[in-house]
Structure formats: C-alpha cells, structure tokens
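Take a look at the letters that make up each chain.
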Amino acid sequence: MTSNPTPTRDLAVFVIFAAAVLTMPIWLAPIGAAYPDLLQKFAIYGLFATGFNLLFGLTGYLSFGHAAFLGVGSYTAVWGFKLLGMNPVPAAAMAIVTSGLFAWLIGYVSLRRSGIYFSILTLAFAQMSYNLAYSVLTPITNGETGLRVLQSDPRIFDTAAQSGGPLVSTLFGIEMSGYPGFYFCATFLILGFLVAQRIFRSPFGTMLRAVKSNQNRMNYTGLNPRPYTLAVFVISGMYAGLAGALLCITDPLAGAERMQWTASGEVVLMTILGGVGTLLGPILGAGIIKYFENIFSAFNEHILQDIFSFLPEALQGPVVSISGLFVGEGWHLTLGVLFMIIVILLPGGIMEGVGRITSMVKGGSRKKHQHQTAPAE
Amino acid sequence: MTLIRKPLSRRSILRAGAAGGVALATPTIFTSSAWSAGYLNEPTGSTVTLGFNVPQSGPYADEGADELRAYQLAVEHINGEGDGGMLNTFTSKALKGNGVLGKKVEFVTGDTQTKSDAARASAKRMIEKDGAIMITGGSSSGVAIAVQSLCQEAGVIFMAGLTHSNDTTGKDRRANGFRHFFNTEMTGAALAPVLKNAMGEGRKVYHLTADYTWGWSQEGSIQKYTEPFGWDTVAAVRTPVGAGDFSQYLTPVLNSGADVLVLNHYGKDMVNSLTQAVQFGLRDKQVNGKQFEIVVPLFSRLMAQGAGDAIKGIFGSTAWNWSLTDEGSQAFVKSFGQKYGFPPSQAAHTCYCQTLLYADAAERAGTFMPSALGAALEDFEFDGLGNGPTLYRAGDHQCFKDVLVVKGKENPSSQFDLLEVVEVTPRAQVEYPADMLGGELGAYNNGV
C-alpha cells in the first residue's frame, strides 16, 4: 500500500475501509466483539490512534502525553452537556477547539526540543494535567469521582421533555448509546481517516516526512520545520480531543484516569502494534488492544473450562490453570507477549505482516520493498 | 475520490448528505428487535445471567476477590447446591433452591480496576454482550455511583456491593439501584458515642481523607457527629487513592497540635496509612496532655489482617463480622469456610446478601422486570441475614440494620480473630429521614 499510492488506490482503500467500519457489527460477531460498547471503543480509539499517528508516524516526534488531550476533550464535552444541553455536536465542537488550543500551548513549549526530550516534556505536561485534574482543579473536574451531568445542571438549550429524561446524549431524538452511538463514532472515524489520508498525500505531509528523515537538511534548505510540526501537533491534539468527546457522548462521564500516563502509553502501543506511519495500522492496533482489554479480561475459570472441555479430565485441570494466567486479570500478560512477538518479528507492526503476505501472494518478486519508512526511534 | 470535493458544490453537499442519512438510518435495523421484549435482557431460555463487577486489580483488589467468592457461593445456594447457607435462616421462604423462577442462575464477571471508566465498560459488556439482567459489585463508592447511573440509563437493576458513601443512596440515588451496606452517616451516628466514652470530649482532630466521594462523605459524617462534644478539626487533608506512601501526609500531623488522627482510608490505602502512622510513633505520643489516638471509621477484617499489629486497640465501625453468633451469620461462616477455608469479610457478606435479596425479590415479584422487582424490594422487612431485623427503605433504596462498632483485638486467638465487637448499635439509633441527604430516585427504567 505504501509502495505506490495513486488517487484511485486511495479511493479504493477509503471505500473498503468505510464499508468495513460500518459493517463491523456483522463481521465482528463471530469473535464476540459485536456489541455496541466495544464497537464504540474501537471507533473512538481508532480515531485517537489515527491522530497520534499523524504526529508520530509522519514527523517521528514521539509524544508521550497524548492522553492529556483526550482528557481535556472529555472534560470539555461534559461541560458542554452541562451548560448547553445534551446535543453531541456542540459538545464535540467545543472539545475540538479546547483541545486544539491546549495542544498549541503544550506544543509551543515542547516542540523546542526533539527526540527523548520532547517525549519527556509531553509526558511531564500530561502528568501535570492529570494531577491537576485529580487535586487542584477538583471544582472543574470533580476529581476521582469523575465529572457527570446532573439533573440540576442548566443545559440551556434542552427542551423541557429532554431535561426530565435520562441523562444521555441525544442527536435529534436519537440516543447516542448503543448502535446509534457506534454509528455516530464510526462516522467520525471515517471522516478522520479521510482527513489523515489527505494529509498523508498532501505537500504538507511530505514536509512532515522531511522533518522525520532529516531535520538538519531541511534547515539548510532554508525551511523552518517548527510551523509544520506545531500544526500537526495541534491537529493530532484535536483528533485526541474529538476522541475524548466521543467517549463522553456515548457515556457522559469524564474521569481523570483518562489522562494518566498509562493511557498515553496505550496509544503509543496501539500505533506501534499496528504499524507506525501507515494509515490503517493504528486503527488495527487500537482494535486489538481494546479487544484484549474487554474480552480477554472477562474470561474466568468457568469459561476456560467450557473451552477446554474437549480435553481429557487429567489434562483439563493443568491446561485451565496455565491458560488462566493469561486471561482475566492477566490479560496484560497476553498483550505483552503479543507485543514482544510483533516488535521482534515485524518491526513495522501488523501492517508489515500484511505487506509481506501480499507480496508473497504476488510472487515475492517485487524488489522495491525495502522502500518502507523505517520505524521511528 | 472523496465525498466532499473542493470547491464545495451543491452536488457534493447532496452526496455527503445522502451518505450521512444512510449512516443515521442504519441503526434502526438493529434497535427494532429490542422492542419485542417486555424489558431489557428478558431471560427466554432456562437460565438467567447475573453480572458480577468487582475490582480484581487496584487498591481494593482484596475486597473484590472476597466479593467474587461470596457471589459464587450465593449462586450455588440459589441453584440448590451446597448446604444452602443463609437461605435456611432467611425469613423469606420464596426461594426453593431451584434457581430463580425456575431458571438456573449463571453469572459473568468483570474487572472494575477501581476506575469508573473501566467499571462502566465492563458493566456495559455484561449488559450488552452477555445479557446480564442485574449488575452487582463495587468496593469503591466512586465506581458504584458511576455504575449505578449506568444501570439506570441502561435499564437493569444495580445491587450495590461494598460502597459506604452517603451519596450512593443520597444525592446520587437512582430508582434502579439498591444498597444493603451501611453508609458514613450511620458510621458517624454509631461511632461517635463510643469515641466520646473512650477518648473524652474536647479533642483536636486531624483528618486524612481519600480524595473521592466516599472519603469526603466519611470526613463530613465524623465531623458532624463529633463536633457536638467538642472535637475540633485542626486540618482535613485529602490524599489520592492508591497513594501507597503516606509519609508525606503523616509528617505534618506530628506538629499540628492534633491529638486524634482520623484515617478516612479503605483497603490497601488504610493498611499503608495506618501501618506508617504507627511506625511514626504517633500512638506513643502525648499531645495536649492526652494520649494520641487513631480512628479508622470503616474497618474490615481483611484490612485488619493486612495491617497486622498496628490495628490493636484502634476503633472503627463495620457492617458485619464473622464472629457474630446469630444463626444466619453462623450458617454463612460455615458454608463459606467449608468452601474456601477461611471466614468471609464484610464485603463478602453484603454481596452474598444482595444476591439473595435480588433472587428472592424476583421470585416474589414473579418477574425480573426492574420496576416490578424493585417494588418487591421496597419497604421489604426481613431477618436471618446476620444483621437482625432489616428494612429496605422505599424512600432511598437503603437498608437499615444494626451497625457494629469494633476495636482491633489486643490478643487475637487466630489469624482471623482480629476484631472485637465493642457495641452493636441498634438500628433505631442510626436511622435518619429518607430526604435528609437530598437526591431524587426518579422512575424505574426497564430498558425499553
């Protein structure tokens, strides 16, 4: 896919992608993932990872504090609900603007450094935001308890019928939970993918790749890379803010734990797992991590016994107890193993695996395969 | 190439609009099937699924593990396996040991991670994917409140597990939510007279408070009931949940002039803060001519076990203790002990009771429909579940029962015999009007 992008090919990828996203409830059913909450998470974290990949994949700047923008987006969206009403559109718009401004502030400072120093700066800012949300800003964020919409909130644009009803986000009478919520998020994921695809193919995207390959050379040619990196940092922050808003649109609650460094680390994992610098990779990575988190963590001994019931009695006990380590609360272990295997064998993530398989199918005679972008350090 | 081409033309807008319309119309295909059921997740086969949502990681993981054990035991007893436990002593005899309404009880589990986000995600999974008809669990009030409002929105019953904040059945009460456990208001009312007798009037108090709804609630209740006899608050410091190291919060206590330290902490947090406070030598100090004292308002045997020698002589309150000698408690301790080899904690007790109460209400109501089942629980009077005569009050869906004031035993006879019951505060003393804490139950939501 990376080898030779043509407009027709991009269009085909986009159409297939959109169709695949919209039909997720059908083709994910056999693996037990086709229920609204998880589908929403797939779409939302897919969007988050796509935005992160714009920064990390194109410029090579590894931000370790992206969860801060997710959190800012969440809090803004819930405040949007509280003040303006339960319509998701103004809440999402507010979240995008606020997280964009916030990203501009952090980016302005952090982008003065690159490499590890940039990562540490963003991490520090995110941890700072997390601790602020947790303690000093409790009046705005409601601390550990989390910010929720209350019946007593002003919600000035809500009609009388809405203000007495359940506190879920509604778009023209459609409640944004369940499948409608998923399609709402999926629409944004598809739009986000489209924008990312356009950026990848634009001259702006080429500039960003130039930043990644050799910033010094870019400086010598008389170009200042900072406006480009700052712009993409803000765009990336807006993606994260939108993802945070969508989290609240499907479930109107914002908690500080969304900003914790583990959440920032998660999006890095998603991107690397799927394939840095590829369009589809981060979305795949997000799907895999969320699937593990929700499905593997729910396996308990009873389910395992059902799965291994075909084994003879003597074998069943040990197999269940050994595999029990990797499911339930041990799902992190499974994810860790998977991550190690992928990083060691396929440094380009799952997308590299996909690429290798396609070239094998095509006869393996393509010699230009080395051309793939090297994974960023 | 794309839906919207630049420059924007009427055609491209129409095209995008049509695509958006299709996307918006698609969901009705999926939601239409939901209308056929009388209520959300109505069980149609021979089984009914309950969702147990407990912390399996994080600072309350020990309580969560014990809760899960109790849930499994309750399911066995309801399905007629094992010795029946408290079903034999429960005053309502609707349950026959053949499941609920002739359906075998099955369950699914989830990990709340003691985080609202994770807890809601796992509760949603159980409701949407596994078809759970009821969600129960807790071990953190923040999580319990978040999950309770989720259950209200989704339209299933939430039977709160261990959650002690006033808000759960106070200002954040919901029609679909029910709580068997007591709250900080009751702790304050029960504990204050004992503290007054043991430590005297006119004390200077320093609060260390877990920074979330339960901690705030606990701090407020202790202040409310101890201020009338001259206990003044010197400082109330908020500490993050799961802090691990509390030394930076304990150092200022030494020079604050306070002579009582109230630790509004629970789970591993309490184990850490109490152990460190004792290591700092706080309990050996004399301040203002008085012996320095430490109070832990909410106690549990699991925490006592974790804190070891540090808990000796420390006062606190608890909902239930395995050393109670009434018939119900003994039956429960016996069947729990036989299955797991050690006595249950108060968290296990409340979760076991909640499961039984839910099953019993379904049996009496003749349906799992939240509105009918809830009506069967409202103003339900029962006994035989270890706390004496108990009332499930209709006004706020809160249980009222006796509260235990306990003290860490000086000479424990076994590794489990750590708490000594100082006083059983009668129910009448801890009751309060249903509208005192504010909040609105609203209407039941059946999810359709």
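- Per an unreviewed UniProt entry, chain B goes by Substrate-binding protein and derives from Roseibium limicola.
- What UniProt states about chain B under its Sequence similarities (unreviewed entry) heading is, verbatim, "Belongs to the leucine-binding protein family."

- Naming follows an unreviewed UniProt entry, where chain A appears as Branched-chain amino acid ABC transporter permease of Roseibium limicola.
- As recorded by UniProt, the Subcellular location (unreviewed entry) comment attached to chain A reads in full: "Cell membrane".

## Let's talk about the domain arrangement of chain B
Residues and elements named next belong to chain B.
Thinking step 1. The domain architecture assigned to chain B consists of domain 1 (47–182 + 322–401) and domain 2 (185–318).
Thinking step 2. For domain 1 versus domain 2, the distance between C-alpha centres works out to 29 Å.
Thinking step 3. Taken together, the contacts link 26 residues of domain 1 with 23 residues of domain 2.
Thinking step 4. Carbon and sulfur atoms make up 58% of the surface buried where domain 1 meets domain 2, a total of about 1,900 Å² over both sides.
Thinking step 5. Run the count over domain 1 and domain 2 and you get zero salt bridges.
Thinking step 6. The interface formed by domain 1 and domain 2 contains 13 residue pairs in polar contact (both at pLDDT 80 or more).
Thinking step 7. Of all the secondary-structure elements, those providing two or more residues to the side of domain 1 that touches domain 2 are α3 (61–78), α5 (141–154) and β15 (399–400).
Thinking step 8. Here the side of domain 1 that touches domain 2 takes four residues from α3, the largest share from any one element.
Thinking step 9. Residue composition of the side of domain 1 that touches domain 2, grouped by class: 12 nonpolar, 10 polar and four charged.

## What about the UniProt feature "transmembrane region" (unreviewed entry) in chain A?
Residue and element names in this part refer to chain A.
Thinking step 1. The UniProt record annotates "transmembrane region" (unreviewed entry) at residues 12–35, 42–69, 89–109, 116–137, 181–200, 227–247, 267–289 and 333–358.
Thinking step 2. Secondary structure content for residues 42–69 is 75% helix and 0% strand, and the end C-alpha separation is 18 Å.
Thinking step 3. As annotated, residues 333–358 has a helix share of 85% and a strand share of 0%, and its two end C-alpha atoms lie 30 Å apart.

## Thoughts on the environment of B:Thr233
Residue and element names in this part refer to chain B.
Thinking step 1. With respect to the helices and strands, threonine 233 occurs in strand β7 (residues 232–239).
Thinking step 2. Separated by 25 residues in sequence, threonine 233 and alanine 258 have C-alpha atoms that sit 8.4 Å apart.
Thinking step 3. In this structure threonine 233 touches Val205, His207, Gln223 and Glu227, once residues within four positions along its chain are discounted.

## Remarks on unusual backbone geometry
Residue and element names in this part refer to chain B.
Thinking step 1. Although it is not a glycine, asparagine 41 adopts a positive phi angle of roughly 60 degrees.
Thinking step 2. As for its placement among the helices and strands, asparagine 41 is situated in the loop between α2 (27–31) and β1 (47–54).
Thinking step 3. With a relative accessible area of 21%, asparagine 41 lands in the partly exposed category.
Thinking step 4. Positive phi values are uncommon outside glycine, yet aspartate 379 reaches one of about 55 degrees.
Thinking step 5. Mapped onto the elements of the fold, aspartate 379 is located in the loop between α13 (370–377) and β13 (380–382).

## Looking at the environment of A:Ile120
Residue and element names in this part refer to chain A.
Thinking step 1. Tracing the backbone through its elements, the reader meets isoleucine 120 in helix α6 (residues 115–134).
Thinking step 2. Looking at isoleucine 120, the relative accessible area reads 48%, which means it is partly exposed.
Thinking step 3. For isoleucine 120 and alanine 67, which are 53 residues apart along the polypeptide, the C-alpha to C-alpha distance reads 14 Å.

## Observations regarding the confidence of the model for chain B
Thinking step 1. Per-residue confidence for chain B gives a mean pLDDT of 85, with 92% of residues at or over 70.
Thinking step 2. Residue range residues 22–36 of chain B is modelled with pLDDT below 50. Its contacts to residues more than four positions away, or to other chains, number 12 contacts.

## Overview of the sheet that holds strand β14 (residues 390–392) of chain B
All names here are of chain B.
Thinking step 1. Read from one edge of the open sheet, three strands run β13-β14-β15, paired in antiparallel fashion. A strand with exactly one partner marks an edge of an open sheet, and here the two such strands are β13 and β15.
Thinking step 2. Bridging between β14 and β15 involves two bridges; their strand directions are antiparallel. Within β15, the residue paired with tyrosine 392 across the bridge is cysteine 399.
Thinking step 3. Across the sheet, helix α12 (residues 346–365) lies against β13 and β14, angled at about 120 degrees from β13, the strand it touches most.

## Comments concerning the interface of chain B and chain A
Thinking step 1. Contact residues are listed per partner, giving 32 residues for chain B and 38 residues for chain A.
Thinking step 2. Buried surface at the junction of chain B and chain A, summed over both partners, amounts to about 3,500 Å²; 58% is from carbon and sulfur atoms.
Thinking step 3. At the junction of chain B with chain A, the criterion picks out five salt bridges.
Thinking step 4. Measuring nitrogen to oxygen at the nearest pair gives 3.2 Å for the salt bridge that ties A:Arg148 to B:Asp172.
Thinking step 5. Put simply, chain B and chain A have eight residue pairs in polar contact (both at pLDDT 80 or more) between them.
Thinking step 6. For the side of chain B that touches chain A, the elements supplying multiple residues, two or more each, are α2, β2 (104–111), α4 (116–128), α5 and α7 (213–226) of chain B.

## Examining the packing of α12(B) against α13(B)
Residue and element names in this part refer to chain B.
Thinking step 1. Where α12 contacts α13, the two axes come as close as 8 Å, and the packing angle between them is 110 degrees. As judged from the angle between their axes, α12 and α13 are roughly perpendicular. Two secondary-structure elements touch here, α12 through Leu357, Tyr358, Ala361, Ala362, Arg364 and Ala365 and α13 through Ala372, Leu373, Ala376 and Leu377.
Thinking step 2. Here the contact of α12 with α13 is built from residues that sort into nine nonpolar, no polar and one charged.

## Structural notes on the pairing of strand β3 (residues 134–137) of chain B
Residues and elements named next belong to chain B.
Thinking step 1. Neither face of β3 is open: one carries Met134 and Thr136, the other Ile135 and Gly137, and all of them are buried.
Thinking step 2. For β1 and β3, the ladder comprises four bridges, and the chain directions are parallel. Bridge pairing in β3 links asparagine 53 to glycine 137.
Thinking step 3. The sheet contact formed by β3 and strand β4 (residues 157–160) spans four bridges and is parallel.

## A look at the pattern of salt bridges
Thinking step 1. If you walk through the whole model with that rule in mind, you get 29 salt bridges over all chains.
Thinking step 2. Residues B:Asp117 and A:Arg258 are paired through a salt bridge, measuring 2.5 Å at the closest nitrogen-oxygen approach. Of the two residues, B:Asp117 is situated in helix α4 and A:Arg258 in the loop between β4 (253–254) and α13 (261–274); the pairing between them involves two chains.
Thinking step 3. The closest approach of N and O atoms between B:Asp417 and B:Lys409, which form a salt bridge, is 2.9 Å.
Thinking step 4. On the accessibility criterion, B:Lys409 (22% relative accessible area) is partly exposed.
Thinking step 5. The network of salt bridges with shared partners includes A:Asp37, A:Lys41, A:Asp251, B:Arg120, B:Lys124 and B:Glu153.

Rules used in this analysis
Residues numbered from 1 in each chain as written. Chains lettered and ligands numbered in written order. Predicted model: local features only at pLDDT ≥ 70, side-chain atom pairs only at ≥ 80, totals over all residues. Heavy atoms only, no water. UniProt positions renumbered as here; feature names shortened; annotations may be inferred. Domains from an automatic or database assignment. Contact = heavy atoms within 4.5 Å. Buried area = accessible area lost by both parts, 1.4 Å probe. Salt bridge = Lys/Arg side-chain N within 4 Å of Asp/Glu carboxyl O. Polar contact = N/O pair within 3.5 Å; in protein donor to acceptor, adjacent residues only side chain to side chain. Helix = DSSP H or I, 4+ residues; strand = E, 2+ residues; numbered from the N terminus. Nonpolar A, V, L, I, M, F, W, Y, C, P; charged D, E, K, R; others polar. Buried < 20%, exposed > 50% of the residue type's maximum accessible area, 1.4 Å probe, protein only. pLDDT = per-residue confidence, 0-100. Pairing = 2+ DSSP bridges. Axes fitted to C-alpha atoms, helices over the stretch in contact; angles between N-to-C directions. Parallel < 35°, antiparallel > 145°, perpendicular 65-115°, else oblique.

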